[in-house]
Amino acid sequence: MKISPLLSLLLISLAAPGGLALAAETPPVLGGLDAIYPELDALYRDLHQTPELSNQEAKTAAKLADRLRKLGFQVTSKVGGHGVVALLRNGQGPTVMLRADMDALPVEEKTGLPYASKQKAKDAAGATHPVMHACGHDVHMTSLLGTATLLARSKDRWRGTLLLVGQPAEEVGAGARQMLQDGLFKRFPKPDFAVALHVNTAAAGTVEFTPGYAMASVDSVEITLHGKGGHGAYPHTTVDPVVMAARVVLSLQTLVSREKNPLEPAVVTVGSIHGGAKHNIIPDDVKLHLSVRSYKPEVRKALLDGIERIAKAEAMASGAPRPPDIAITEGTPSTFNDPALTKRLVGAVSRVLGEKNLQEAPPVMGGEDFSEYGRAGVPAVMLWLGSTEPRQYAQAMSAGTALPSMHSPLFAPDRERTLRTGVTTLTTAALELLDKP
């Protein structure tokens, strides 16, 4: 039977107990992973069953802080909200920051797993939602704890300072900024390098990387267009904000199609329009909610400036009684993976996982506030951690079917392979960057 390159890759990830076959150049530190895996598995299941929404991560943060203190880390809690900062100094050498996000999503889990979340919580507006770790933050935290355990027990193998960060509020694009504003790089040593993992739907046991721009800037924009309401039978006595909104939506499309260099990626999506309550009433106002995405800062600025210009111009052309209200409610910069650092880490991890289990991936238009640390002057890299059971992944690729993505109520990582690969990758990256004794 002829084996395809994809199947060959997946067979590698299935070759050992736990689905993780390590290469010959495995650091001795990783020899302790088998012994601690049952504890990590229990931690993961606990975190998965007890998710907390953004800026509500008090219990999750306490779990991380308690375990890190027991490992000998100097732990500071409530940094930028519920953020956790843990330091382990081990002689002279670089300061390496490893970050895991802690918050979950307002999603009802439908995986059917025995440890599925049944949690519910109120959001900032007071509405009650089911809550689920549908974006792998439980994997990220467990991988961080596994790496912390192995490195704390192997201090004879490295020199430098570990700076571990449990970050709140990633899902609303605010947590990294909150921690930086609360003195993350002033109250604690500013790192020489920053590394993070993020799950994706690639095969578990594999890691993907993207040098340079890897994820987009993401801005949520709200526009309120003001008109003059009245009876639908007498439109001439009104200023119709519904028609005004329609013109704004169509004109916004030209920002990408006619004003931007076609070689620079960008997205302007109008995700919702709200206005009116009855078929024969012209409302006073209409609200638009936009998602705006790009990579380069200058493209981001041009899009946001263009949105304001178009909304104001269409309002003026319609005879609106006053200009529209325009607000950016959430904003996250684009994630830029330092190319030299990416190359260095990929080399180190490939020597452990095997070159076939590392693949370069194209940039995506999703966003991540890990980008804030790079913007603060720290060379930073985020690596993608595959999480789909390899046979399921192979079948989906062969059939051309979509896998449950992050933020899906059906998202369920292949637990053991994903966790083992996460700990292996993060530990290997840290050892590569820390000094050798």
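Residues numbered from 1 in each chain as written. Predicted model: local features only at pLDDT ≥ 70, side-chain atom pairs only at ≥ 80, totals over all residues. Heavy atoms only, no water.

**Quick look at the overall build of the protein chain**
Next up, step 1: In terms of helices and strands, the protein chain carries 12 helices and 18 strands.
Next up, step 2: Relative to its length of 437 residues, the protein chain is compact, with a C-alpha radius of gyration of 24 Å against a globular reference of 22 Å.
Next up, step 3: Projected onto its principal axes, the C-alpha coordinates of the protein chain cover approximately 80 × 60 × 45 Å.
Next up, step 4: Within the protein chain, residue pairs in contact and separated by at least 24 positions form 83% of the contacts whose partners lie at least 6 positions apart.
Next up, step 5: Summed over all atoms, the accessible surface of the protein chain reaches about 19000 Å², with 54% contributed by carbon and sulfur.
Next up, step 6: Of note, the protein chain has its 45 positive side-chain charges centred 2 Å away from the centre of its 44 negative side-chain charges. (Helix = DSSP H or I, 4+ residues; strand = E, 2+ residues; numbered from the N terminus. Rg over C-alpha atoms; globule rule 2.2 N^0.38 Å. Contact = heavy atoms within 4.5 Å. Areas by Shrake-Rupley, 256 points an atom, 1.4 Å probe, with all protein chains shown as cover. Lys, Arg positive; Asp, Glu negative; His and termini not counted. Charge placed at Lys NZ, Arg CZ, Asp CG, Glu CD.)

**Focus on the confidence of the model for the protein chain**
Next up, step 1: In the predicted model, the protein chain carries a mean pLDDT of 94, and the fraction of residues at 70 or more is 95%.
Next up, step 2: Every residue in residues 1–17 scores below 50 in pLDDT, and together they form 29 contacts with partners more than four places removed in sequence or on other chains. (pLDDT = per-residue confidence, 0-100.)

**Quick look at the nonpolar core**
Next up, step 1: Judged by nonpolar contacts, the single largest core of 59 residues is most densely connected at Leu-68, Phe-73, Leu-98, Leu-162 and Leu-164.
Next up, step 2: Top element by residues in this core is helix H4 (residues 137–152). It accounts for 8 residues.
Next up, step 3: Excluding residues within four positions of it along the chain, Phe-73 makes contact with Leu-68, Ala-86, Leu-87, Leu-88, Ala-148, Ala-152, Leu-162 and Leu-164.
Next up, step 4: By size, the runner-up hydrophobic cluster in this structure holds 24 residues, among which are Leu-255, Ala-266, Leu-303 and Ala-315. (Core = buried A, V, L, I, M, F, W, Y, C linked by side-chain atoms within 4.5 Å. Buried < 20%, exposed > 50% of the residue type's maximum accessible area, 1.4 Å probe, protein only.)

**Things to note about the packing of helix H2 (residues 33–49) against H4**
Next up, step 1: Between H2 and H4, whose axes approach to 9 Å, the crossing angle comes to 150 degrees. Judged by the angle between their axes, H2 and H4 are roughly antiparallel. Like other packed secondary-structure pairs, H2 and H4 cross with a definite hand, here right-handed. On H4, the residues touching Leu-33, Ile-36, Leu-40, Leu-43, Tyr-44, Leu-47 and His-48 of H2 are Asp-138, Val-139, Met-141, Thr-142, Leu-145, Gly-146, Thr-149 and Leu-150.
Next up, step 2: Taken together, the residues of the contact of H2 with H4 sort by class into 10 nonpolar, 4 polar and 1 charged. (Axes fitted to C-alpha atoms, helices over the stretch in contact; angles between N-to-C directions. Parallel < 35°, antiparallel > 145°, perpendicular 65-115°, else oblique. Left-handed = near helix turned anticlockwise from the far one by under 90°. Nonpolar A, V, L, I, M, F, W, Y, C, P; charged D, E, K, R; others polar.)

**Focus: the pattern of salt bridges**
Next up, step 1: Taken as a whole, this structure holds 21 salt bridges when the rule is applied.
Next up, step 2: For Arg-177, the salt bridge identified is with Glu-372, shortest N-O distance 3.5 Å. Of the two residues, Arg-177 is situated in helix H5 (residues 175–181) and Glu-372 in helix H10 (residues 371–375); the sequence distance between them amounts to 195 residues.
Next up, step 3: Taking relative accessible area as the criterion, Arg-177 reaches 30% and is therefore assigned partly exposed.
Next up, step 4: Residue Glu-372 is classed as buried on the basis of its relative accessible area, which comes to 11%.
Next up, step 5: Asp-325 serves as the salt-bridge partner of Arg-322, at 3.9 Å between the closest nitrogen and oxygen. (Salt bridge = Lys/Arg side-chain N within 4 Å of Asp/Glu carboxyl O.)

**Regarding the packing of helix H3 (residues 58–70) against H4**
Next up, step 1: In contact at an axis separation of 11 Å, H3 and H4 are set at 10 degrees when each is read in the N-to-C sense. As far as their axial angle goes, H4 and H3 are roughly parallel. For the pair H3 and H4, the contacting residues are Thr-60, Leu-64, Arg-67 and Leu-68 in the first and Met-141, Leu-145 and Ala-148 in the second.
Next up, step 2: Looking at the contact of H3 with H4, its residues break down into 5 nonpolar, 1 polar and 1 charged.

**Describing the sheet that holds strand E1 (residues 74–79)**
Next up, step 1: Within the open sheet, the 8 strands sit side by side as E1-E2-E6-E3-E7-E18-E8-E17. Their pairing is mixed. Of all the strands in the sheet, the pair left with one neighbour each is E1 and strand E17 (358–360). Direction aside, the axes of adjacent strands within the sheet are offset by 25 degrees on average.
Next up, step 2: Inspection of the sheet shows strand E7 (residues 193–203) paired to strand E18 (residues 380–388) by 8 bridges, in the parallel sense. (Pairing = 2+ DSSP bridges.)

**Some words on the packing of aromatic side chains**
Next up, step 1: Taken as a whole and judged by the stated rule, the model has 5 aromatic pairs.
Next up, step 2: Summarising the aromatic geometry, the rings of Tyr-44 and Tyr-115 are spaced 6.1 Å apart at their centres and angled 75 degrees between planes, so their arrangement reads as edge-to-face. Linking Tyr-44 in helix H2 with Tyr-115 in the loop between strand E3 (95–101) and strand E4 (120–122), this pair joins segments that are 71 residues apart in sequence.
Next up, step 3: You can call Tyr-115 buried: its relative accessible area is 8%.
Next up, step 4: Ring centres 6.0 Å apart and planes at 25 degrees place the aromatic pair Tyr-213 and Tyr-295 in the stacked group. Of this pair, Tyr-213 sits in strand E9 (residues 212–215) while Tyr-295 sits in the loop between strand E14 (285–294) and helix H8 (297–317), and the two are 82 residues apart along the sequence.
Next up, step 5: Residue classification places Tyr-213 among the partly exposed positions, given a relative accessible area of 27%.
Next up, step 6: By the ring-pair criterion, three or more aromatic residues cluster together here, those being Phe-185, Phe-370 and Tyr-373.
Next up, step 7: Over the face of the ring belonging to Tyr-37 we find Arg-420, whose NZ or CZ atom lies 4.8 Å from the ring centre. (Phe/Tyr/Trp six-rings, centres within 6.5 Å; stacked < 30°, edge-to-face > 60°. Lys NZ or Arg CZ within 6 Å of the ring centre and 35° of its normal.)

**Quick word on the sheet that holds strand E15 (residues 325–332)**
Strand pairing in a sheet takes place through backbone hydrogen bonds and is either antiparallel or parallel in direction.
Next up, step 1: The strand order across the open sheet formed by 4 strands is E12-E14-E10-E15, and the pairing between neighbours is antiparallel. Either end of the sheet is taken by a strand with one partner, and the two such strands are strand E12 (266–274) and E15. Geometrically, the sheet is characterised by an average inter-axis angle of 20 degrees between neighbouring strands, direction not taken into account.
Next up, step 2: Pairing geometry for E12 and E14, over 8 bridges, is antiparallel. Following the sheet pairing, Ile-273 is matched in E14 by Leu-288.

**Describing the environment of Met-215**
Next up, step 1: Following the sequence through the fold, Met-215 ends up in strand E9.
Next up, step 2: According to the relative accessible area criterion, Met-215 is buried, its value standing at 5%.
Next up, step 3: Separated by 119 residues in sequence, Met-215 and Ser-334 have C-alpha atoms that sit 5.6 Å apart.
Next up, step 4: Not counting chain neighbours up to four residues away, the residues in contact with Met-215 comprise Tyr-295, Ser-334, Thr-335, Val-364, Gly-366, Gly-367, Glu-368, Met-382 and Trp-384.

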